[in-house]
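Working through the structure, step by step
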Amino acid sequence: PEAHLEIKEKSFPKGVKSWYYPRKTNPLLSALQLFISFIIWHYFLWGSMASLILLLLYLVGCLSKFTVYAVITAYFAQLFLYFPQHGRGWSPYWKYVLNSYLSDLGLGYFDAWLVQEAPLDPKKRYKPLTARTSS
């Protein structure tokens, strides 16, 4: 990875900031990277898993049918109706998750590079990124 890191850093123009998150070689940290990336990147499966758990709780008599339907409906409705990135943004508490060692481990599973091409102004509202093609 070190040689790979040198080549990539040299290819960036002056003034561009970059962060490299390497894949861990320690078996315990590697397993933690896999677990974190699975949890973060499979969030669309959470609703299905939670629905299954709610259904099982209903079948054993711990929850009413109304509660199961209400929770499942609310969860899937917010997936399609709630877009915080287009309004005020995410809760300020997300910065503790996004700026933690655990998120760095998750990025490391994908051997990720983050590249900042220009400084960001916290007062400015940015549009979502779209695919760019190099010219």
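Look up a bit, the structure's there.
Rules and cut-offs
- Residues numbered from 1 in each chain as written.
- Predicted model: local features only at pLDDT ≥ 70, side-chain atom pairs only at ≥ 80, totals over all residues.
- Heavy atoms only, no water.
- Helix = DSSP H or I, 4+ residues; strand = E, 2+ residues; numbered from the N terminus.
- Buried < 20%, exposed > 50% of the residue type's maximum accessible area, 1.4 Å probe, protein only.
- Contact = heavy atoms within 4.5 Å.
- Areas by Shrake-Rupley, 256 points an atom, 1.4 Å probe, with all protein chains shown as cover.
- Phe/Tyr/Trp six-rings, centres within 6.5 Å; stacked < 30°, edge-to-face > 60°.
- Lys NZ or Arg CZ within 6 Å of the ring centre and 35° of its normal.
- Patch = residues over 30% accessible without salt bridge, like charges linked within 9 Å, V, L, I, M, F, W, Y side chains within 5 Å.
- Salt bridge = Lys/Arg side-chain N within 4 Å of Asp/Glu carboxyl O.
- Axes fitted to C-alpha atoms, helices over the stretch in contact; angles between N-to-C directions.
- Parallel < 35°, antiparallel > 145°, perpendicular 65-115°, else oblique.
- Nonpolar A, V, L, I, M, F, W, Y, C, P; charged D, E, K, R; others polar.

**Examining the overall build of the protein**
Across its full length, the protein carries six helices and two strands. Helices and strands in the protein line up, N terminus first, as α-β-α-α-α-α-α-β. When the 135 residues of the protein are sorted by exposure, 13% land in the buried category. Counted over contacts in the protein with a minimum sequence separation of 6, partners at least 24 positions apart contribute 70%. A total accessible area of about 11,700 Å² is found for the protein, and carbon and sulfur atoms account for 67% of it.

**What about the packing of aromatic side chains?**
Tallied over the full model, the rule gives three aromatic pairs. Here the aromatic rings of Y75 and F76 are separated by 5.1 Å at their centres, their planes lie at 85°, and the arrangement is edge-to-face. Assessed through its relative accessible area of 24%, Y75 is described here as partly exposed. The partly exposed category is assigned to F76, whose relative accessible area is 28%. A cation over a ring is seen here: R23 above Y109, with NZ or CZ 5.2 Å from the ring centre.

**Here's the deal with helix 6 (residues 101-109)**
Looking at helix 6, one finds that the buried residues are S103, L105, G106 and G108. A positive phi of about 55° marks D111, the residue just after helix 6.

**Regarding the environment of W113**
On the secondary structure map, W113 appears in strand 2 (residues 112-116). Note on W113: relative accessible area 17%, which makes it buried. Measuring from C-alpha to C-alpha, the distance between W113 and W19 comes to 5.7 Å, with 94 residues separating the pair along the chain.

**Let's talk about a nonpolar patch on the surface**
Among the surface-exposed residues, L32, F35, F38, I39, I40, W41, L45, W46, M49, Y101, L102 and F110 lie close enough to one another that they form a single nonpolar patch of about 1,200 Å² accessible area. Among the secondary structure elements, those contributing two or more residues to the nonpolar patch are helix 2 (27-41), helix 3 (44-59) and helix 6. A per-element tally of the nonpolar patch places helix 2 first, with six residues. With respect to the element layout, L32 can be found in helix 2. Given a relative accessible area of 32%, L32 falls into the partly exposed group.

**What to know about the packing of helix 2 against helix 6**
Relative orientation of the contacting elements helix 2 and helix 6 amounts to 95°, with a least axis distance of 8 Å. With respect to their mutual orientation, helix 2 and helix 6 come out roughly perpendicular. On helix 6, the residues that touch L29, L32, Q33, L34, I36 and S37 of helix 2 are Y101, L102, L105, G106, G108 and Y109. Here the contact of helix 2 with helix 6 is composed, by residue class, of eight nonpolar, four polar and no charged.

**Section: the environment of Q33**
With respect to the helices, strands and loops of the structure, Q33 is situated in helix 2. Residue Q33 is classed as buried on the basis of its relative accessible area of 1%. Through-space distance from the C-alpha of Q33 to that of F110 is 9.1 Å; in sequence the pair is 77 residues apart. Setting aside chain neighbours within four positions, we find Q33 in contact with P22, R23, K24, L105, G108 and Y109.

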